[in-house]
Amino acid sequence: EAGVVQSPRYKIIEKKQPVAFWCNPISGHNTLYWYRQNLGQGPELLIRYENEEAVDDSQLPKDRFSAERLKGVDSTLKIQPAELGDSAVYLCASNRDSYNEQFFGPGTRLTVL
Amino acid sequence: RKEVEQDPGPFNVPEGATVAFNCTYSNSASQSFFWYRQDCRKEPKLLMSVYSSGNEDGRFTAQLNRASQYISLLIRDSKLSDSATYLCVVNSGGSQGNLIFGKGTKLSVKP
């Protein structure tokens, strides 16, 4: 069974530029999560989807961050414009429903210069 | 007080040693508890769930004390391959709450 797929794996941009991350969860997993992990910290939830519905986006900085999961399968997380403090690893995770183990993708390492 | 707090680490131990990690959580409504393992520059992976009665998986033993809001992980007979960061994870409350991750404790097992 294929795992959670994320792309790109690495991204370097200048501040004020836009950036987008893509995630394809494990087939059949209805719940999808986006996390941000700063160096030396644990992952912090940005947004959780149940199918195509964002059921918790309370931690998403909505002035510059947006996300979508239009068909309830893959998802995109966007930052526009990026700031220096956005440098982090952005992790996508999925599970069949929120009771089950979360499986993480390899993450996208973002560096904002 | 942070929602999930862990030993700061790093823990540097020789092979064969027994090492224990501790974690406290602030939300008494939390229902689910886990230990995740994260290798350097890799994604977190579930190591084990933690049950009220305590549970063991080979060399790994997890304990939960709800009254004290305390979770522990014991690793016996440490192997070089155990070197990683161990993340204490708690759900935010209720059976479908989001997961809250601790900062993690780094373990380095030396020959």
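Use the structure listed above.
Residue-level account of the sheet that holds strand E7 (residues 65–68) of chain A, with values.
Residue and element names in this part refer to chain A. Pairing is antiparallel across the open sheet formed by 4 strands, whose spatial order is E1-E3-E8-E7. Whereas interior strands pair on both sides, the edge strands pair on one side only; in this sheet they are strand E1 (5–7) and E7. Neighbour to neighbour, the strand axes of the sheet diverge by 15° on average, direction disregarded. By the bridge criterion, 3 bridges tie E1 to strand E3 (residues 19–24) in an arrangement that is antiparallel. By the bridge assignment, Gln 6 is partnered in E3 with Cys 23.

Account for the nonpolar core, with residues named and values stated.
By size, the foremost hydrophobic cluster in this structure holds 23 residues, and its most contacted members are Phe 21, Trp 35, Ile 71, Leu 73, Ile 75, Tyr 86 and Leu 107 of chain B. Where this core is concerned, the elements lending two or more residues are strand E3 (19–25), strand E4 (33–38), strand E5 (44–50), strand E7 (60–65), strand E8 (70–75), strand E9 (84–91) and strand E11 (105–110) of chain B. If we ignore the near neighbours within four places in the chain, the residues touching Leu 107 of chain B are Phe 11, Val 13, Val 19, Phe 21, Ile 75, Asp 82, Ser 83, Ala 84 and Tyr 86 of chain B. Counting residues in hydrophobic clusters, the runner-up holds 21 residues, among them Phe 21, Leu 32, Trp 34 and Cys 92 of chain A.

An account of the sheet that holds strand E1 (residues 4–6) of chain B is requested, with residue identities and associated values reported.
Residues and elements named next belong to chain B. Spatial ordering of the open sheet is given by E1-E3-E8-E7-E6, a layout of 5 strands whose pairing is antiparallel. A single partner strand is all that each edge strand has here, and the edge strands are E1 and strand E6 (55–57). Taking the axes of each pair of neighbouring strands and ignoring which way they run, one obtains an average angle of 15° across the sheet. Pairing analysis gives 3 bridges linking E1 to E3, with the strands arranged antiparallel.

Conventions used here
Every chain begins its residue count from 1, and numbering advances along the sequence as written. Numbering of ligands from 1 and lettering of chains from A proceed in the order in which they are written. Side-chain atom pairs in this predicted model are given and counted only at pLDDT of 80 or more, local residue features only at pLDDT of at least 70, and totals for whole chains, interfaces and linings cover all residues. Excluded from the side-chain calculation are hydrogens and water; included are all heavy atoms of the structure. Note on pairing: DSSP must find at least two bridges between two strands before they are called paired. A run of DSSP states H or I qualifies as a helix once it reaches four residues; a run of E qualifies as a strand once it reaches two. Both are numbered from the N-terminal end. Axis geometry follows a simple rule: fit a line to the C-alpha atoms, using only the stretch in contact for helices, then measure angles between N-to-C directions, giving values from 0 to 180 degrees. Throughout this description, the term nonpolar core refers to a set of buried Ala, Val, Leu, Ile, Met, Phe, Trp, Tyr and Cys residues connected via side-chain atoms within 4.5 Å. Here the term buried applies to any residue with accessible area under 20% of the maximum for its type, exposed to any over 50%, and partly exposed to those in between, with areas from a 1.4 Å probe on protein chains only. Pairs of residues are marked as contacts when any of their non-hydrogen atoms sit within 4.5 Å.

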